[in-house]
Amino acid sequence: MHRAGEEPVPGHRLVEFLGQGKFGEVWKALGPGDVTKALKFIDVTGQKGLKEFRGVRRVRDVRHANLVLITDIWLLDEAGNVLDEKALVHLEREGYGHRGDLDDTLTVAPDPAKRRELVVAMEFGERSLKQVLEHYKKMGQAGIPIRELLDYMDGAARGLDYLHKPQHAPI
C-alpha cells in the first residue's frame, strides 16, 4: 500500500487514501499546479494485468460529459520505475516480460512475485454517490431522494451507452 506524501509518478503527490478494491487502491493526489486528481493503482502482474493495461489505454481518449476524464496513465515496473512510451508500445505488441532487445527493463522476464502497477490519473469528482447518501442520512432521510437518484442513474446509463457505441467497439 502507498503512503500519504509519496510521489509514485512524476509530479503527483498522494494526499489521502480513498479506498481499496480487489485489484488496487485509489488516492486523492495533487498533480502539477496543485490540481486535485484521483490516482488509481491497479495491480497488473501477469497476463490479466496486461489486458487491463490495454483496456485503459483504449479508453483514455474517450470524452463524454458522463464519464470521468482520464488525464494520464503510467505503467510502473517491479521497482516502481515509470516505463517510457517506447516500452509501453513494446508491451502492447509483445506482452510484459517478453525477451527482447529493447532495453535492460525488458530483456529479463520479470519476477512474478513482484507487483507491477498501472497508475491512472483521473479528474477528481466533487463527491461520490456514497458521500451523497451519507449526506442525506445525516439529514435524517432514509436515502437519496428518488428524483436525484434517477438523475445519477440516467447519467451513468448515458456514459455506458456512449462507451458501447460502435466507434468504441474492440478492434
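Scroll up to find the structure.
Residues numbered from 1 in each chain as written. Predicted model: local features only at pLDDT ≥ 70, side-chain atom pairs only at ≥ 80, totals over all residues. Heavy atoms only, no water.

Q: Before we go on, may I ask you to explain the overall build of the chain in this structure?
A: Helix and strand counts for the chain come out as five helices and five strands. Helices and strands appear in the chain in the N-to-C order β-β-β-α-β-α-α-β-α-α. Taken across its 171 residues, the chain has 30% of its residues classed as buried. At a minimum sequence separation of 6, the contacts of the chain that also span at least 24 residues come to 52%. Accessible area for the chain stands at about 11,100 Å²; split by element, carbon and sulfur atoms hold 53% of it. (Helix = DSSP H or I, 4+ residues; strand = E, 2+ residues; numbered from the N terminus. Buried < 20%, exposed > 50% of the residue type's maximum accessible area, 1.4 Å probe, protein only. Contact = heavy atoms within 4.5 Å. Areas by Shrake-Rupley, 256 points an atom, 1.4 Å probe, with all protein chains shown as cover.)

Q: Can you help me understand the pairing of strand S1 (residues 13-20) in this one?
A: In the case of a regular strand, side chains alternate between the two sheet surfaces. Taken together, the six bridges between S1 and strand S2 (residues 24-31) define a ladder with antiparallel strand orientation. Each bridged residue has a counterpart across the sheet, and for glycine 19 the counterpart in S2 is valine 26. The turn linking S1 back onto S2 is made up of three residues. (Pairing = 2+ DSSP bridges.)

Q: Can you walk me through the sheet that holds S1 in this structure?
A: Think of a sheet as strands paired side by side through backbone hydrogen bonds, with each pair either parallel or antiparallel. With respect to topology, five strands assemble into an open sheet ordered S1-S2-S3-S5-S4, the strand pairing being antiparallel. Every other strand in the sheet has two partners, leaving S1 and strand S4 (70-76) as the edge strands with one partner each. Pairs of neighbouring strands in the sheet enclose a mean axial angle of 25 degrees, with direction left out of account. One ladder, built from seven bridges, connects strand S3 (residues 35-43) with strand S5 (residues 117-123); its direction is antiparallel. When the bridges of S5 are listed, alanine 38 appears paired with methionine 122. (Axes fitted to C-alpha atoms, helices over the stretch in contact; angles between N-to-C directions.)

Q: Please explain the environment of arginine 63 as it appears in this structure.
A: As for its position among the elements, arginine 63 is in the loop between helix H1 (47-59) and S4. Put simply, arginine 63 and tyrosine 162 are 99 residues apart on the chain and 9.4 Å apart in space, counted from C-alpha to C-alpha. Contacts of arginine 63, omitting those with residues within four sequence positions, involve Leu69, Ile70 and Tyr162. Within the structure, the side chain of arginine 63 is placed 2.9 Å from the backbone oxygen of arginine 60, a separation counted as a polar contact. (Polar contact = N/O pair within 3.5 Å; in protein donor to acceptor, adjacent residues only side chain to side chain.)

Q: What is the right way to look at the packing of helix H4 (residues 129-138) against helix H5 (residues 146-163) in this model?
A: A pair of packed helices is captured by two measures, namely the crossing angle of their axes and the spacing between those axes. The contact between H4 and H5 brings their axes to 12 Å, and the two run at 180 degrees. Relative to H5, the element H4 is oriented roughly antiparallel. The residues of H5 that touch H4, namely those facing Leu129, Val132 and Tyr136, are Glu148, Tyr152 and Met153. For the contact of H4 with H5, the per-class residue count stands at five nonpolar, no polar and one charged. (Parallel < 35°, antiparallel > 145°, perpendicular 65-115°, else oblique. Nonpolar A, V, L, I, M, F, W, Y, C, P; charged D, E, K, R; others polar.)

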